[in-house]
Amino acid sequence: MYLTDEEKRILDGEKGEIAQRSMQFLVEYGEAAGAERLIDLDGTVDLHPLADWVPKYAVTLDEIKELVKKGERFKVPTFANKPVAPGFLIDGWEKCGLPKNSDPEYRRKNMEALQPLIDMGMIPIFSCNYYLVSSFLPTVGQHCAWVESSAIPWANAILGARTNFDGCFHTAYLGKVPAYDMHLDENRRATVLVKCETELKSDIDYDLFGWAVGEAVNLEVPAIVGIGKPTTSQLVKMNSALNTGGQVRMYHIPGLTPEAPTVEAAFQGNYQRELSITRADLRRVYDKLNYATKVEVDFVYLGCPHYNIYEVYQAAKLLEGKKCKSLLWIMTNPSSYQVAERMGLRKIIEDAGAVLLSGSCPGALLETPPMRVMATDSAKQNYYLTGMFYPEKLDVWYGSMEECINAAITGKWSGDWR
Amino acid sequence: MAETKKIILKGRKVIGGKAEGEALVSMEPLMGWLNVNPQLGCTTERNHPLCGVSFKDKILVFPTPRGSGGFVSYGMTVNYNTNPAAFLYTKGNNLTIFASLVAQIPTVTDFDQDPLEVIETGDYVKVDGDRGIVEVIKRAV
């Protein structure tokens, strides 16, 4: 891989041992990727705090503290996704009822550990959909290093920024990434036309559609037509499912996403095939996600990706004046939690016996309430949690927010989708 | 006596080194994060044909990754000595690269022909990561 003179000097250790180690990581990574050079980031970094991709290049907390003392800062605007190393709750942890996560000492210790990163300039948004609330986003064409299933297509497709799945300390500290895959024009062109031949009506229709497309195209870049005018909630769900049912990190919606004013612009002569998604395809995914037999529901989880403020509002309205028989968690991002508090939504949710939390999810906490049967409106959380329980079986129901809240109120699943 | 047939695949090195062993072929993409268990050394994805099947010491062949950046947990298997002997895949991205960088096991991709069309579970496979060459000795029929 070609390195500039300055990059070679960093690799030789002229800028210190941490910069050298970070450059060693980028060089080994770039060469494994077949990248020809590094690229300077002019957008943003989104990272899971303290989660190193490759342990041998890990930078320790003490090392970060030393860098802070020397006045060193991240090269580009850097945002914290949800903590995963380890995962812990930002708000509502006192009420979560989990042995580890309701322990004030556990919470204090984990939050304190992130302080050196915040001192380096990391902005503590702490959310998987940080892009909805960060108040600072990359613009079209800017090079970024992000993480998280729903965030990667948000950056590439919705914003027209350019990112692989490689946000981390090293990329933020050096402000560089290997130039390959989504950073290069030729890999961003659509190859497959996806025609949606059913009307997408509800939020979960977009979740099901995203999964069906993801399974059908996997790493390809689709140009998607016929999906109407999705809301923000629907786009977040679709992106999360596109990058769980498959590995769609870039797509075009001609007329909606910035790199494709037209179908021709999406393909730029690279058309290879087309496929249709029908109601039957969505039904097949729906049946796959309803992996349950027992109707008595122990635990209802809403907020994967983290609920935006409007979803919290919708959920609170459904709960107003009701009482839950089953445990219900509603997870939002920490920013929206504050707004929900100001609106009185937290109180409505808690008066119904449910819990409003922020900054994590059962999969990231690796700790769940005792349960055998769960319900959720998220294809992603649904499909991963059963893996966490293996070899034990977790029964999991899938349906709309309304159906999930109804299950929490009645204690029983009665969802049906058409 | 059963006949053996030898096939050579040429690909691009991701991680160098040599390994050989029996192939375990996944015709479906592999998914990481909570759907791989490094301690057990297997995928735990429900509905996956290889759910619960150990890939320890196998030449693990798969089409693509899918899903979360937690795919890197396929590399974390080295911490539990449950790791495959090598990774061979049709097409990857940084998720497969990070898993290989963590495991430091021979990894080859971008082949001259699709490995899923050539290699079957049970074939004996020799991987030369540095040269990107994979020798497939077909199971005796």
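All values reported here derive from a predicted model rather than from experimental measurement.

Within chain B one finds 3 helices and 12 strands. In terms of overall size, chain B behaves like a compact globule, its C-alpha atoms giving a radius of gyration of 14 Å where 141 residues would be expected to give roughly 14 Å. Seen through its C-alpha atoms, chain B measures out along the principal axes to roughly 45 × 30 × 25 Å. Per-residue burial for chain B yields a buried fraction of 54% across its 141 residues. For chain B, the proportion of contacts with a sequence separation of at least 24, taken over those separated by at least 6, is 76%.

Glancing now at the sheet that holds strand E11 (residues 124-128) of chain B. Residues and elements named next belong to chain B. A sheet is described by the order of its strands in space; here 8 strands give the open sequence E1-E12-E11-E3-E7-E9-E10-E2, paired in mixed fashion. Every other strand in the sheet has two partners, leaving strand E1 (6-10) and strand E2 (12-15) as the edge strands with one partner each. Across the sheet, the mean angle from the axis of one strand to that of its neighbour is 25°, orientation sign disregarded. As judged from the 5 bridges shared by strand E3 (residues 18-25) and E11, these two strands associate in the antiparallel manner. Within E11, the residue paired with Glu-20 across the bridge is Lys-126.

Residues and elements named next belong to chain A. Counting buried residues along helix H6 (residues 151-158), 8 of its 8 residues qualify, which places the element largely inside the surrounding structure. Turning to H6, its buried residues are Ala-151, Ile-152, Pro-153, Trp-154, Ala-155, Asn-156, Ala-157 and Ile-158. On its buried side, H6 packs onto strand E2 (45-47), strand E4 (143-146), strand E5 (162-165) and helix H10 (232-242). Trailing H6 by a residue or two, Gly-160 shows a phi angle of about 75°, which is positive.

This part is about the environment of Gln-234 of chain A. Structurally, Gln-234 of chain A is set in helix H10. For Gln-234 of chain A, the contacting residues outside a window of four places in its chain are Asp-203 and Tyr-206 of chain A.

Residue and element names in this part refer to chain A. Looking at where Gln-142 falls in the secondary structure, it is placed in the loop between helix H5 (115-119) and E4. For Gln-142, a count of 18 C-beta atoms within 10 Å gives the class partly exposed. In the structure, Gln-142 is positioned 215 residues away from Leu-357 in sequence and 33 Å away in space, judged by C-alpha atoms. Those residues within four positions of Gln-142 in sequence are excluded, and the remaining contacts are Asp-42, Gly-43, Ala-161 and Arg-162.

Residues and elements named next belong to chain A. Within the open sheet, the 5 strands sit side by side as E12-E11-E10-E13-E14. Their pairing is parallel. With one partner strand each, in any of the chains shown, strand E12 (355-358) and strand E14 (395-398) form the two edges of the open sheet. Across the sheet, the mean angle from the axis of one strand to that of its neighbour is 25°, orientation sign disregarded. In this structure, strand E11 (residues 327-332) lies alongside E12, joined through 4 bridges in parallel fashion. In the sheet register, Met-331 faces E12, and the bridge partner there is Leu-357. Helix-sheet contacts for helix H14 (residues 334-343) involve E11 and E12, and the interaxial angle to E12 is about 140°.

Moving on, we get to the packing of helix H13 (residues 309-319) of chain A against helix H18 (residues 401-410) of chain A. All names here are of chain A. The contact between H13 and H18 brings their axes to 10 Å, and the two run at 40°. In terms of orientation, H13 lies oblique with respect to H18. Relative to H18, the crossing made by H13 is right-handed. The segment H13 lies against H18, with Gln-314, Ala-315, Leu-318 and Leu-319 engaging Met-401, Glu-402 and Ile-405. Class assignment for the residues of the contact of H13 with H18 results in 5 nonpolar, 1 polar and 1 charged.

Looking now at the domain arrangement of chain A. Residue and element names in this part refer to chain A. What the domain assignment lists for chain A is domain 1 (5-185), domain 2 (189-287) and domain 3 (290-410). Between domain 2 and domain 3, the C-alpha centre-to-centre distance is 26 Å. With 14 residues of domain 2 at the contact, the number on the domain 3 side is 13 residues. Among the secondary structure elements, those contributing two or more residues to the side of domain 2 that touches domain 3 are helix H9 (203-217), H10 and helix H12 (279-289). Per element, the largest residue contribution to the side of domain 2 that touches domain 3 is 5 residues, and it comes from H10.

Counting residues at the interface gives 28 residues for chain B and 29 residues for chain A. When the residues that make up the side of chain B that touches chain A are grouped by side-chain class, the tally is 12 nonpolar, 11 polar and 5 charged.

Residues and elements named next belong to chain A. Going from Ala-85 to Pro-86, the amide bond is cis rather than trans, its omega being 0°. Note on placement: Pro-86 falls in the loop between strand E3 (78-80) and helix H4 (104-113). In this model, Cys-304 is joined to Pro-305 through a cis peptide bond whose omega is -10°. In this model, Phe-126 sits at a positive phi of 55°, which is unusual for a non-glycine residue. In this structure, Phe-126 sits in the loop between H5 and E4. Residue Phe-126 is classed as buried on the basis of its 26 C-beta neighbours within 10 Å.

Working note: regular strand, side chains alternate between the two faces of the sheet. Of the two faces of E4 of chain A, both are covered, the one formed by His-143 and Ala-145 of chain A as well as the one formed by Cys-144 and Trp-146 of chain A. Assessed by its sense of winding, the connection that carries the chain from E4 of chain A through H6 of chain A to E5 of chain A is right-handed.

Definitions and limits used
Residues numbered from 1 in each chain as written. Chains lettered and ligands numbered in written order. Predicted model: local features only at pLDDT ≥ 70, side-chain atom pairs only at ≥ 80, totals over all residues. Helix = DSSP H or I, 4+ residues; strand = E, 2+ residues; numbered from the N terminus. Rg over C-alpha atoms; globule rule 2.2 N^0.38 Å. Buried ≥ 20, exposed ≤ 12 C-beta atoms within 10 Å, placed from the backbone. Contact = placed C-beta atoms within 7 Å. Pairing = 2+ DSSP bridges. Axes fitted to C-alpha atoms, helices over the stretch in contact; angles between N-to-C directions. Parallel < 35°, antiparallel > 145°, perpendicular 65-115°, else oblique. Left-handed = near helix turned anticlockwise from the far one by under 90°. Nonpolar A, V, L, I, M, F, W, Y, C, P; charged D, E, K, R; others polar. Domains from an automatic or database assignment. Right-handed = clockwise from strand over helix to strand, strands pointing away.

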